[in-house]
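Each chain is listed here by its residues.
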Amino acid sequence: MFPISDDNPTLRTPVMTYGLLGVIIAAWALVQGAGFNTVALASSVCNWGMVPGELSGRAPLGFEVPLGDGLACVVDREPFNWLTPLTSMFLHGGWGHILGNCLFFWVFGNNVEDSMGRARFVVFYLVCGLVAAGAHVLVDPTSPVPTVGASGAISGVLGAYLVLYPRVRVKLLVPLFIFLTFISLPAWVVLIYWFVLQVITGLPQLMTLRPEVSGGVAVWAHIGGFVAGMVLIKLFENRSYTDRRTSWRHRLHPDHP
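The name given to the chain in an unreviewed UniProt entry is Membrane associated serine protease, rhomboid family, with the source organism recorded as Stigmatella erecta.

Here it is, written out as structure tokens:
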């Protein structure tokens with residue numbers, strides 16, 4: 001299911017949502033070569049992606065992780081590795097990766113920003129991303145594989161949306177065999193379904209016999225970010241903004257809860 005829009009109007013222009021999307025897209029185009037420059041893409045992922053085993057010191061120094069033909073990421077102990085939980089939030093591994101993250105952020109981010117204010121939203125976004133990175137390191141502390149993506153921070157936004165607007169209708173594009181259709185569901189159905197999928201996908205990673213069956217996706221970062229968003233939203237929420245938004249939404253969509 002791909003979210004397209006929601007019945008949740010904003011009161012103010014979501015400047016920070018647009019700004020964060022702009023930084024993510026600029027990093028993809030200018031730093032990572034938009035995925036077309038293999039060396040730039042591999043170099044950015046290796047140098048500025050987060051490697052759990054480097055942060056924990058438990059990955060073997062000099063261990064090589066293949067990133068493509070003739071390319072490998074080598075585990076090191078560089079001081080700037082401690083910046084990678086932050087820098088990795090703005091990098092991606094491919095077109096599908098960045099488009100999926102930007103789509104979810106586009107649909108849900110503006111409403112969360114509009115419920116807490118612009119400065120708070122940026123802090124909230126970054127904190128959720130750091131918690132997500134910490135969850136990934138905690139679950140897989142020896143991994144030498146670099147991790148990139150905004151999905152941990154965006155998961156925090158999804159968790160916040162679930163707490164704030166569980167009954168808002170979300171419009172989804174759903175592939176049915178060879179056809180595409182649109183359906184509208186309450187946000188709580190969409191977001192809990194998404195969260196359950198992450199948990200189901202991530203559970204095998206907790207099994208010491210076959211941790212690789214998670215498929216290389218940092219799903220525990222998604223889970224950690226989502227839970228962080230749910231927990232932290234009441235600290236960051238501006239209740240007056242939320243009440244005004246709810247009143248305005250009911251005027252525009254009186255048939256919806």
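That was the structure; now back to the text.
Participant: Explain the packing of helix H6 (residues 118–139) against helix H9 (residues 219–236) to me, please; I cannot follow it from the model alone.
Facilitator: Helix packing geometry: the angle between the two helix axes and the distance between the axes. As a packed pair, H6 and H9 sit with axes 8 Å apart at the nearest point and diverge in direction by 145°. Remark: the crossing between H6 and H9 carries right-handed chirality. Contact with H6, carried on its side by Arg120, Val123, Phe124, Val127, Cys128, Val131, Ala132, Ala135, His136 and Val139, involves Trp220, Ala221, Gly224, Gly225, Ala228, Gly229, Leu232, Ile233 and Phe236 of H9 and no other residues of that element. Considering only residue class, the contact of H6 with H9 consists of 14 nonpolar, 4 polar and 1 charged.

Participant: How should the pairing of strand S3 (residues 71–74) be read in this particular structure?
Facilitator: On any regular strand, side chains alternate: one points to one face of the sheet, the next to the other face. Pairing of strand S2 (residues 64–68) with S3, which is carried by 4 bridges, proceeds in the antiparallel orientation. Among the inter-strand pairings, Pro66 is bridged to a residue of S3, identified as Ala72. In this antiparallel pair of consecutive strands, S2 and S3, the connection spans 2 residues, and Gly70 shows a positive phi of 75°.

Participant: When you look at the UniProt feature "transmembrane region" (unreviewed entry) in the chain in this model, what are you seeing that I'm missing?
Facilitator: When the UniProt feature table is mapped onto this chain numbering, "transmembrane region" (unreviewed entry) sits at residues 89–109, 121–139, 145–165, 172–197 and 217–236. Taken end to end, residues 145–165 is 67% helix and 0% strand, and its two terminal C-alpha atoms sit 36 Å from one another.

Participant: How should the state of the cysteines be read in this particular structure?
Facilitator: What is meant by a disulfide is a covalent connection between two cysteines, made through their sulfur atoms. The full count for this structure, using the stated rule, is 1 disulfide. One disulfide bridge connects Cys46 with Cys73, the sulfur atoms lying 2.2 Å from each other. Taking the sign of the torsion about the S-S bond as the criterion, the disulfide between Cys46 and Cys73, at about 85°, is right-handed. In this pair, Cys46 is assigned in helix H2 (residues 38–48) and Cys73 in strand S3, connecting sequence segments 27 residues apart. This pair shows no difference in class: Cys46 is buried, exactly as Cys73 is. Between Cys102, a free cysteine, and Cys128, which holds the nearest cysteine sulfur, the sulfur-to-sulfur gap is 17 Å. With relative accessibility at 14%, the residue Cys102 sits in the buried group. Among the residues examined, Cys128 registers a relative accessible area of 0% and is labelled buried.

Participant: Is there a simple way to think about the packing of helix H1 (residues 15–31) against helix H5 (residues 95–113) in this case?
Facilitator: Following both chains from N to C, one finds H1 and H5 inclined at 165°, their axes separated by 9 Å at the closest point. Taken together, the axes of H1 and H5 are roughly antiparallel relative to one another. Read as a crossing pair, H1 and H5 show a hand that is right-handed. In this structure, H1 uses Val15, Met16, Thr17, Tyr18, Leu20, Leu21, Ile24, Ile25 and Trp28 to contact H5, whose residues at the interface are Trp95, Ile98, Cys102, Phe105, Trp106, Gly109, Asn110 and Glu113. By residue class, the composition of the contact of H1 with H5 is 13 nonpolar, 3 polar and 1 charged.

Participant: Looking at this structure, I do not really get H2. What am I missing?
Facilitator: Within H2, the full set of buried residues consists of Ala40, Leu41, Ala42, Ser44, Val45 and Cys46. Elements in contact with the buried residues of H2: H1, S2 and S3. Where H2 begins, the side chain of Asn37 points an oxygen toward the backbone nitrogen of Val39, at a separation of 3.2 Å.

What counts as what
- Residues numbered from 1 in each chain as written.
- Predicted model: local features only at pLDDT ≥ 70, side-chain atom pairs only at ≥ 80, totals over all residues.
- Heavy atoms only, no water.
- Axes fitted to C-alpha atoms, helices over the stretch in contact; angles between N-to-C directions.
- Helix = DSSP H or I, 4+ residues; strand = E, 2+ residues; numbered from the N terminus.
- Left-handed = near helix turned anticlockwise from the far one by under 90°.
- Contact = heavy atoms within 4.5 Å.
- Nonpolar A, V, L, I, M, F, W, Y, C, P; charged D, E, K, R; others polar.
- Pairing = 2+ DSSP bridges.
- UniProt positions renumbered as here; feature names shortened; annotations may be inferred.
- Disulfide = S-S within 2.5 Å.
- Buried < 20%, exposed > 50% of the residue type's maximum accessible area, 1.4 Å probe, protein only.
- Parallel < 35°, antiparallel > 145°, perpendicular 65-115°, else oblique.
- Polar contact = N/O pair within 3.5 Å; in protein donor to acceptor, adjacent residues only side chain to side chain.

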